[in-house]
Amino acid sequence: MGRVEVFDHTADLGLRIEAGDLSDLFRTAAEGLFDVVTADRSTIEPREDEPVELSADSPEQLLVDWLNELIFRVETRHALYARFDVTVAADGRSLRGSIAGEPMDAERHVLDHEVKAATHHAVVVERAGDGWRAEVIVDI
């Protein structure tokens, strides 16, 4: 399993993600995003599956697009997500799979930060030893 660390970045927040492979890196980044959005991600139940498929020109662009797709779904579907079953191509330029979550429930879900977008500012996706590392800034 991957690891994510949140760090302060002026008026934004940064996510620093480490994982063994690209698919785990993107799953872990999504989990980190929802750790920022909610006070307790464990309250989100993976009740409804939704397909997801993205492609981009680079791993960095794909990571930003991935997080922005999740933010878009939160805003437009008023849902929160708990499971991210995705596979990222070896070249880091496409992602396919499913996400699972449920509609927001004010009695069970405590929102922590309103994340407006993942940004291109200083985004990094790179090999680190025998795994992968990424950094991405989110606008809150």
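The text that follows walks through the structure, step by step, so that each part is easy to find. All values derive from a computational prediction rather than experimental measurement.

Parameters at a glance
- One numbering rule holds for all chains: residues counted from 1, following each sequence as written.
- This being a predicted model, a pLDDT of at least 70 is required before a residue's local features are given, and a value of 80 or more before pairs of side-chain atoms are given or counted; all residues contribute to the totals for chains, interfaces and linings.
- Remark: hydrogens and water are excluded; side-chain values derive from all non-hydrogen atoms of the structure.
- By the criteria applied, helices consist of DSSP H or I runs no shorter than four residues and strands consist of E runs no shorter than two, each listed in order from the N terminus.
- By this definition, two strands are paired if DSSP reports at least two bridges between them.
- By the criterion applied in these results, polar contacts are pairs of N or O atoms within 3.5 Å in which, for protein atoms, one can donate a hydrogen and the other can accept it, and in which residues neighboring in sequence qualify only through two side-chain atoms.
- In this analysis, the expected span of each helix is defined as 1.5 Å times one less than the number of residues it contains.
- A simple rule labels every residue: compare its accessible area, found with a 1.4 Å probe on the protein chains alone, to the largest value its type can have, and call it buried under 20%, exposed over 50%, or partly exposed in between.
- Here is the rule: rings of Phe, Tyr and Trp (six-membered ring for Trp) pair when centre to centre is within 6.5 Å. Planes less than 30 degrees apart are stacked, more than 60 are edge-to-face, and the remainder are tilted.

### Some details on unusual backbone geometry
Moving on, step 1. In this structure, histidine 78 is a non-glycine residue whose phi angle is positive, near 50°.
Moving on, step 2. Inspection of the secondary structure assignment puts histidine 78 in the loop between helix H2 (59–77) and strand E4 (79–88).
Moving on, step 3. Of note in the backbone geometry, alanine 122 takes a positive phi value of approximately 60° without being a glycine.
Moving on, step 4. Mapping alanine 122 onto the fold places it in the loop between strand E6 (117–118) and strand E7 (124–128).

### Description of the pairing of E7
Moving on, step 1. Bridging between E7 and strand E8 (residues 131–139) involves 5 bridges; their strand directions are antiparallel. Directly across from glutamate 126, in E8, lies its bridge partner arginine 133.
Moving on, step 2. Between E7 and E8, which follow one another and run antiparallel, lie 2 residues, and glycine 129 among them has a positive phi close to 65°.

### Regarding the side chain of glutamate 135
Moving on, step 1. Considering the arrangement of structural elements, one finds glutamate 135 in strand E8.
Moving on, step 2. Within the structure, glutamate 135 has its side chain in polar contact with the side chain of arginine 16 (distance 2.8 Å).

### Quick look at helix H1 (residues 22–37)
Moving on, step 1. Helix length check: H1, at 16 residues, gives a terminal C-alpha distance of 23 Å against a target of 22 Å (1.5 Å per residue), a fit within 8%.
Moving on, step 2. In terms of burial, H1 is a largely internal element, 14 of the 16 residues being buried.
Moving on, step 3. The backbone nitrogen of serine 23 has a side-chain oxygen 3.1 Å away, supplied by the residue at the start of H1, namely aspartate 21.

### So, the packing of aromatic side chains
Moving on, step 1. A full pass over the atoms with the stated rule returns 3 aromatic pairs.
Moving on, step 2. When the centroid spacing of 6.0 Å and the interplanar angle of 75° are considered together, the rings of phenylalanine 34 and tyrosine 81 count as edge-to-face. Of this pair, phenylalanine 34 sits in helix H1 while tyrosine 81 sits in strand E4, and the two are 47 residues apart along the sequence. Of the two residues examined, phenylalanine 34 and tyrosine 81, each falls in the buried class.

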